[in-house]
Amino acid sequence: MAAYAVEPTATAPLRGYTAEHSASEVQWEQKFRALPNTDNLRENMRRLSARPHHVGSPYDKDNAEWLVAQLKSYGLDAKIEQFEALFPTPKSRKLELLGPAKFTAKLEEPTLAIDPTSGQKSEQLPTYNAYSADGDVTAPLVYVNYGAPADYEELERMGVSVKGAIVIARYGQTWRGIKPKLAAQHGAIGCLIYSDPKDDGYVRGESFPEGPMRSAEGAQRGSVMDMPVYPGDPQTPGIGAKPGVKLIPLNQVQTITKIPVMPISYEDAKPFLLALGGQVVPDAWRGGLPLTYKTGPSKVMGHLALAFNWDRKPLYDVVATIPGATFPDQWVIRGNHHDGWVNGAGDPISGASPELEEARSLGELLKQGWKPARTILYCWWDGEEPALLGSTEWAEFHADELKEHAVAYFNSDGNGRGFFRAEGAHSLENFINSVVKDVQDPETGMPVWKRAHLAALVRTGRGGEGEGSGGAESRNRPDTRIGALGSGSDYTVFIDHLGIASANLGYGGEDEGGGQYHSIYDDFYWYTHYSDTDFVYGRALAQTAGSMMMRMADADVIPYQFTDEADTVHNYVTEVKKLADTMRAQTKERNMNIAEGAYKAAADPKKVSVPPPVEAVPPYLNFGPLDQASDDLTAAAAAYEKAFAAHTASGDSAVNPELIKTERALMDPNGLPNRPWFENMVYAPGFYTGYGVKTLPAVREAIEQKEWPTVDAQIVRTADALEREVDVLKTATKMLSGN
Ligand SMILES: [Zn+2]
């Protein structure tokens, strides 16, 4: 049972609340945080992860129906919203090493007697990469390390080509879908991705079942769809796929891979790695297997033959609604996916189960008389694993309503043990900080915020782009910085396509996870032995996300805050300017080295070594519009903050519809270059990093990809987006100050 110390009552009213409303909110939230129960979390997980529940499986639908029944039993209005999407599954898979010592890969994760659900073979999806092309290829092998852009540059320097080859890449560093994309761009005709023990196996810890890490025959399923172009149903970009919707023909879909790709275990990968000839790889390319890693090519041929069923499958999104009493047309949305690759206890049930406890607890509060001011939606998405299918189709279908009504979206996914972490829209940074000051860390007893804040002082340099200068800054800045959102879970459509202030929440950093990821061993046995075994961090997640939902839903004035956002945007502008300067200096230096013969002199004449090509020196760019917009945003945010502080006590809420427009203003309907579905000019997943975020993406990627003639125009478009937000803020400020 939850035995929770009552938090000290806040002295100042909560941001966006009148003193009276603040006092009552604090009391309701304290009642709420006492409700989530670890026994329920354990039972929710046991039920939802009892059988494989991928898209199209009987238990996926069963789970959706069970969720609706649970929600109704809590007194909530809940339903399934059904969509459909292309979801390929394997028809046949074959991988062989030809030649005198012929080897056929097993492509099979073994049942373990100690792990009760690992033997549900007839219901498990086999190991595969979803949205791989069909193909039957025979070719020599080349090792490409992680298969990232820099790895291909390095291979070129070693005189190794992947043209006509099957590349073998290891999992890690880049999102998996980038590996076949880059391999195909460099002329490869097939792609293998294996789990090296150095990345998530015995080098890191005991392997399963003795420990949490990946075993010799464990393999990582996963999507390789080109989601940086657009996620969701490949046949209906931008349109919510209700049954009967008009489809793009399969042969015109651009997000399916160009070459066949297959994930394998390191046991299956070993014979292929041993067959590689060529040079010994650079230090950083070596994995943890007891063999000499070489680039290849191999003398013997690999044979990869894959065929898929290209079926459309139903998606069952579960949506529960609590109508708002004061502002029913302003929506606060919560979501976590419910589908898994197999049993999916860690991913996603460790997040979906706390979300269900939040909903139960809010049901309790409703019975006690609490009424949210805004409308609250609780969603469990289907089809996240293949391609964020359920959330994307739902949000595309409801796009017009969402653009008008959505105030914020709070996402979670797999949850672990340890430190609070959040990434999100920076207009939510102060709000997120405020809520986690009121949630208790189960292991230390200190507020979650305090622990994360203190941990940041000793672990400087952690976090994504835009992370500040570490200790000194953490001490002096009132709010702990949150990272920016890339992609990799269901918040993508909300922030990147619709411009809704979104955040992704979770706990982690102490559980030694990773080795079970997307395997048949990510199940109840694994989770209850190696992750948040007593579910106290599941309870912390429910308390955290549920408090955010309540506090955002009940505020008189939506508690966005823009000075943090302006500060972060200023950092991003500084970064892209520095990036251009660094690339200019490096190109000059490299060109001089080439001219002086330095690469030739430094190379071992007995090894192949190709100097890099001479490149045009990057031009000086006009960052003026971006500097101006950043300064304007800083000034507008400060003016808004002043008006807000003077106004809050009155509780006048007329400004809210204007505030909802602030995040929308960052959207450019023409979208990013080559991927118009992504409209946010501040945040996007990287075109060549996948999950990894690129902030000010149109500018940053044009620089990184050396598309020099286009950069100035992208600077102007990005500055325009920021200026649109400035205009909205100015209007909001006027409304608050009453003139
Ligand atoms: Zn997930």
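Residues numbered from 1 in each chain as written. Predicted model: local features only at pLDDT ≥ 70, side-chain atom pairs only at ≥ 80, totals over all residues. Heavy atoms only, no water.

Considering the environment of Val245
For step 1, the next point in the chain: One can find Val245 in the loop between strand 9 (222-223) and strand 10 (261-264).
For step 2, the next point in the chain: Between the C-alpha atoms of Val245 and Asn571, which are 326 residues apart in sequence, the distance is 43 Å. (Helix = DSSP H or I, 4+ residues; strand = E, 2+ residues; numbered from the N terminus.)

A short note on the domain arrangement of the protein
For step 1, the next point in the chain: Per the domain assignment, the segments making up the protein are domain 1 (19-86 + 313-446 + 482-554), domain 2 (89-310) and domain 3 (563-737).
For step 2, the next point in the chain: A straight line from the C-alpha centre of domain 1 to that of domain 3 covers 30 Å.
For step 3, the next point in the chain: Taken together, the contact between domain 1 and domain 3 spans 32 residues of the former and 23 residues of the latter.
For step 4, the next point in the chain: Summing both partners gives a buried area of about 2100 Å² for domain 1 against domain 3, and 53% of it is carried by carbon and sulfur.
For step 5, the next point in the chain: Three residues stand out in domain 1 for area buried against domain 3, namely His426, Asp496 and His497, and they jointly supply 27% of the buried area on that side.
For step 6, the next point in the chain: There are 11 residue pairs in polar contact (both at pLDDT 80 or more) connecting domain 1 and domain 3.
For step 7, the next point in the chain: Looking at the side of domain 1 that touches domain 3, the elements that each hand over two or more residues are strand 13 (327-337), helix 10 (389-397), helix 11 (399-405), strand 15 (406-412), helix 12 (429-436) and helix 15 (492-497).
For step 8, the next point in the chain: When residues of the side of domain 1 that touches domain 3 are assigned to their parent elements, the largest contribution, 5 residues, is made by helix 15.
For step 9, the next point in the chain: In terms of residue class, the side of domain 1 that touches domain 3 is built from 13 nonpolar, 13 polar and 6 charged. (Domains from an automatic or database assignment. Contact = heavy atoms within 4.5 Å. Buried area = accessible area lost by both parts, 1.4 Å probe. Polar contact = N/O pair within 3.5 Å; in protein donor to acceptor, adjacent residues only side chain to side chain. Nonpolar A, V, L, I, M, F, W, Y, C, P; charged D, E, K, R; others polar.)

So, the packing of aromatic side chains
Given two aromatic rings, their pairing is described by the distance between the two centres and the angle made by the two planes.
For step 1, the next point in the chain: Evaluated as defined, the whole model comprises 28 aromatic pairs.
For step 2, the next point in the chain: On the numbers, 5.2 Å between centres and 55° between planes, the contact of Trp381 with Trp394 is tilted. Of the two residues, Trp381 sits in strand 14 (residues 374-381) while Trp394 sits in helix 10, which places them 13 residues apart along the sequence.
For step 3, the next point in the chain: Overall, Trp394 belongs to the buried group, its relative accessible area being 2%.
For step 4, the next point in the chain: Both rings, one in Trp526 and one in Tyr530, keep their centres 6.4 Å apart while their planes meet at 55°; by these two values the pair is tilted. (Phe/Tyr/Trp six-rings, centres within 6.5 Å; stacked < 30°, edge-to-face > 60°. Buried < 20%, exposed > 50% of the residue type's maximum accessible area, 1.4 Å probe, protein only.)

Quick notes on the environment of Asp581
For step 1, the next point in the chain: The topology assignment puts Asp581 in helix 18 (residues 563-595).
For step 2, the next point in the chain: Overall, the relative accessible area of 44% leaves Asp581 in the partly exposed class.
For step 3, the next point in the chain: For Asp581 and Pro618, which are 37 residues apart along the polypeptide, the C-alpha to C-alpha distance reads 8.6 Å.

As for a negative patch on the surface
For step 1, the next point in the chain: Together, Asp329, Asp400, Glu401 and Glu404 make up a negatively charged patch on the protein surface.
For step 2, the next point in the chain: The biggest single contributor to the negative patch is helix 11, with 3 residues.
For step 3, the next point in the chain: With respect to the helices and strands, the residue Glu401 is situated in helix 11.
For step 4, the next point in the chain: Judged by its relative accessible area of 35%, Glu401 is partly exposed. (Patch = residues over 30% accessible without salt bridge, like charges linked within 9 Å, V, L, I, M, F, W, Y side chains within 5 Å. Areas by Shrake-Rupley, 256 points an atom, 1.4 Å probe, with all protein chains shown as cover. Salt bridge = Lys/Arg side-chain N within 4 Å of Asp/Glu carboxyl O. Lys, Arg positive; Asp, Glu negative; His and termini not counted. Charge placed at Lys NZ, Arg CZ, Asp CG, Glu CD.)

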